[in-house]
Amino acid sequence: MTLTAETVLEVRELTKHFPVYEKGVILRRKLGDVHAVDQVSFDIKKNETFGLVGESGCGKTTIAKCMLYLEPPTSGEILFNEKNITEIFKKARKDQVLALRRQMQYIFQNPYSSLDPRMTVADIIMEPLEVHKHIPRNEWQDRMYELLRMVGLEDYHAERYPHEFSGGQRQRVCIARALAVDPQFIAADEPVASLDVSVRAQILNLLQELQQKLGITYLYISHDLSTVRHICHRVAVMYLGKIVEIAETDELFENPLHPYTVALLSAIPVPDPKKKTHRIILPGEVPSPVNPPPACRFHPRCPRRIDICSKVEPSLLEARPGHWLACHNPWPSKSTASYNV
Amino acid sequence: MTLPDPLLRVQGLRTHFYTYAGIVKAVDNVSLEVNKGETLGVVGESGSGKTVTAQSVLRVVPPPGKIVDGKIEFQGKNLLALRETEMQQIRGKEIAYIFQDPTTTLDPVYTVGDQLAEVIMRHQKLSKKDAWTKAADLLKMVDIPDADIRIHQYPHELSGGTKQRIAIARALSCEPILIIADEPTTALDVTIQAQILDLLREIKDRMNLAMVLITHDMGIVAEICDRVTVLYAGQVCESGTVEQVFEKPKHPYTQALLTSVPNLALRKEKLSVIPGNVPNLIDPPSGCRFNPRCQYAQQICIDRVPELEPIGEGRMVHCHRWKELDLKSPVAS
């Protein structure tokens, strides 16, 4: 697969804090902030699948929501095709906002809660057409059937309601709905996490096919590293609101440098009974994002912690071409003996 | 050579749910065995009958479910013939259960210590004080830091991983012989999952426990199980040791399951797919239940239900065509 170097999306120092208030009704003092995402920067290239991995609570979904302005970011910029979209959304001129929304769509994690149970599949898929009015009304129905077939459903499914479908089929409906407006970019938030293992492969293949056919750029969010390895071109690893490592998929999996990435990779159970692997078991749990550890946020659990880690925050630097890393004491490269891929 | 009797033997178990929409045959002729000190993995997708099988063993199938047929022998006793009071002596004491979601299985209005002490007092006739001392020891055994503080806390004050450790401590409190762990790590993050799997393995070895581990993740099976039983739509596909099943799967479903999961080590352009969906168990496909999705299906697979055949070396296969098919495993390469 060839990648053009053209950048579609640029995220610059994106920060999102959620305030936490005291219990009560009238005089609620602010207690602090949940540092959901802190100073995160990356870009996504055209036709690429960019993976965002990390454990629950590390800020993956918040980044995606900020990128589509479903959550207004606290600070930072998001450039889409070199236009600052946070500005456009803030000014909220309806025609401009709609034009942007048409280019950026979202697939939610749980297809059981993201489809309106009282609308038929036809209504669900035609709703975006109705909102955006980018094609004439007499073509809506044809477009709807075309979309159904594109995602591997049949014409007779159009008159059915979401409860009549299995999880995999519902996710197909969600994908059809996202495609209805011909988007350039889709944020897919754990699109297969709630599906059965035997159905996951179908949806992953569908996403890949659509990308090849329509030239879509994806942001793929997941905690499941094996699907990430399969579908993504580049991957960013997050820990507690920070990106700790970005690299091309093969490079990241074969040559991880951040101790957290190494631990994450070693923690995945491998379906091969002969591979008895050494795993790095991290002590403790992910700390609270209300009061994250100072300097490097991973240092209290890090097996390679040195003095500087608790004093100076490491910045995201290019450790080797295309491989970005935020760590003072990276994992010795090529020491694959202690880790299982 | 006759093998010693297994610790737990389930034979021809059928558990059906009588719903308004019809009879859901959630478990339909499932047989499995667990030997002393062994870990059996029970794998399958949602709706394959893993949990209902486990619930049937403890006779805690929620209504409208009923065990309609089969035999469940535990240490030579037929559990289905016992009276409810006798069953209560087995639940929690001899067979313990660890549930999938620790958030919903701990009582939110009792402290951790109360919940552990309750089980201990119920089965071991200890005083409250002794039970609490024992509870504190258990917390230390499952590696909970600051056990003295944790024991006075309520479940909402704890993280998912800690809660699952407490559920494990509770299961261990009466020194059971068999533990049934129902997807014990599904609700947890990968790094926490690694911690919990490590803990389970360590405790199992130290206490020489037998364990039934229910999961949908073939990776977990490969890591910690000795033998595995694969379920599909309420029936057994095959069973055998982990090495046998992963290297030489005999049932097309097992093979498909192994190849459709993205593998970290082998990156492919396209994933092989199992077509279709998990069947509806009110009206399951005739014959072999996997036939509509099986690439090797023939007329006989639609006409007749296959037998669960022993094929030597302790393996069982539930397929008409296992002899002629030479299935390749993606793992053995």
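Quick caveat, the model's predicted, so the values are computed rather than measured. (Residues numbered from 1 in each chain as written. Chains lettered and ligands numbered in written order. Predicted model: local features only at pLDDT ≥ 70, side-chain atom pairs only at ≥ 80, totals over all residues.)

A. Molecular detail of the pairing of strand S9 (residues 234-239) of chain A. Residue and element names in this part refer to chain A. For S9, the tally of buried residues reaches six of six residues, placing the bulk of the element in the interior. Side chains of S9 alternate between two faces, with Arg234, Ala236 and Met238 and Val235, Val237 and Tyr239 buried alike. Sheet topology note: the strand S3 (residues 49-53)/S9 ladder contains four bridges and is parallel. By the bridge assignment for S9, Phe50 is matched with Arg234. For S9 and strand S10 (residues 242-248), the ladder comprises six bridges, and the chain directions are antiparallel. Across the sheet, Tyr239 pairs through a bridge with Lys242, a residue of S10. Between S9 and S10, which pair antiparallel and follow one another directly, the connecting turn spans two residues, one of which, Leu240, has a positive phi of 50°. (Buried ≥ 20, exposed ≤ 12 C-beta atoms within 10 Å, placed from the backbone. Helix = DSSP H or I, 4+ residues; strand = E, 2+ residues; numbered from the N terminus. Pairing = 2+ DSSP bridges.)

B. A look at the domain arrangement of chain B. Residue and element names in this part refer to chain B. Looking at chain B, the domain boundaries give domain 1 (1-94 + 177-198 + 215-333) and domain 2 (105-175). Put simply, the middle of domain 1 and the middle of domain 2, counted by C-alpha atoms, are 31 Å apart. With nine residues of domain 1 at the contact, the number on the domain 2 side is seven residues. In terms of residue count, helix H8 (residues 190-207) provides more of the side of domain 1 that touches domain 2 than any other element does, three residues in total. Here the residues of the side of domain 1 that touches domain 2 sort into six nonpolar, two polar and one charged. (Domains from an automatic or database assignment. Contact = placed C-beta atoms within 7 Å. Nonpolar A, V, L, I, M, F, W, Y, C, P; charged D, E, K, R; others polar.)

C. The interface of chain B and chain A, seen in detail. Residue-level contacts link 40 residues of chain B with 33 residues of chain A. No other element matches the seven residues that H8 of chain B contributes to the side of chain B that touches chain A. Its residues assigned to classes, the side of chain B that touches chain A comprises 20 nonpolar, 12 polar and eight charged.

D. Geometry of the environment of Pro300 of chain A. Residues and elements named next belong to chain A. Turning to its location among the elements, Pro300 is positioned in the loop between helix H10 (259-267) and strand S11 (317-320). With 14 C-beta atoms packed within 10 Å, Pro300 lands in the partly exposed category. In sequence terms Pro300 and Met144 are 156 residues apart; their C-alpha atoms lie 52 Å from each other. The residues contacting Pro300, other than those within four sequence positions of it, are Gly284, Pro287 and Pro293.

E. Spotlight on helix H5 (residues 128-141) of chain B. All names here are of chain B. In this model, H5 (14 residues) spans 20 Å end to end at C-alpha, consistent with the 20 Å of a helix rising 1.5 Å per residue. Listed as buried for H5 are Ala131, Ala135, Leu138 and Leu139. Buried residues of H5, viewed axially, fall in a sector of 100°; they line one side. The exposed residues of H5 that point more than 90 degrees off its buried face are Lys129 and Lys140. Positive backbone phi, approximately 60°, marks Asp143, located one or two places after H5. (Expected span 1.5 Å × (residues − 1). Arc of directions from axis to C-beta.)

F. Main features of the environment of Met211 of chain B. All names here are of chain B. Considering the arrangement of structural elements, one finds Met211 in strand S8 (residues 210-215). Sequence separation of Met211 and Ile72 is 139 residues, and the distance between their C-alpha atoms is 16 Å. Met211 has contacts with Thr39, Ile179, Ala181 and Lys204, leaving out every residue within four places of it along the chain.

G. Structural context of the pairing of strand S7 (residues 178-182) of chain B. Residues and elements named next belong to chain B. Counting buried positions along S7 gives five out of five residues, so the element sits mostly inside the fold. Neither face of S7 is exposed, since Leu178, Ile180 and Asp182 on one face and Ile179 and Ala181 on the opposite face are all buried. Pairing analysis gives four bridges linking strand S6 (residues 95-98) to S7, with the strands arranged parallel. Across the sheet, residue Ile98 finds its bridge partner in S7, namely Ala181. Pairing geometry for S7 and S8, over five bridges, is parallel. Bridge assignment links Leu178 to a residue of S8, and that residue is Ala210.

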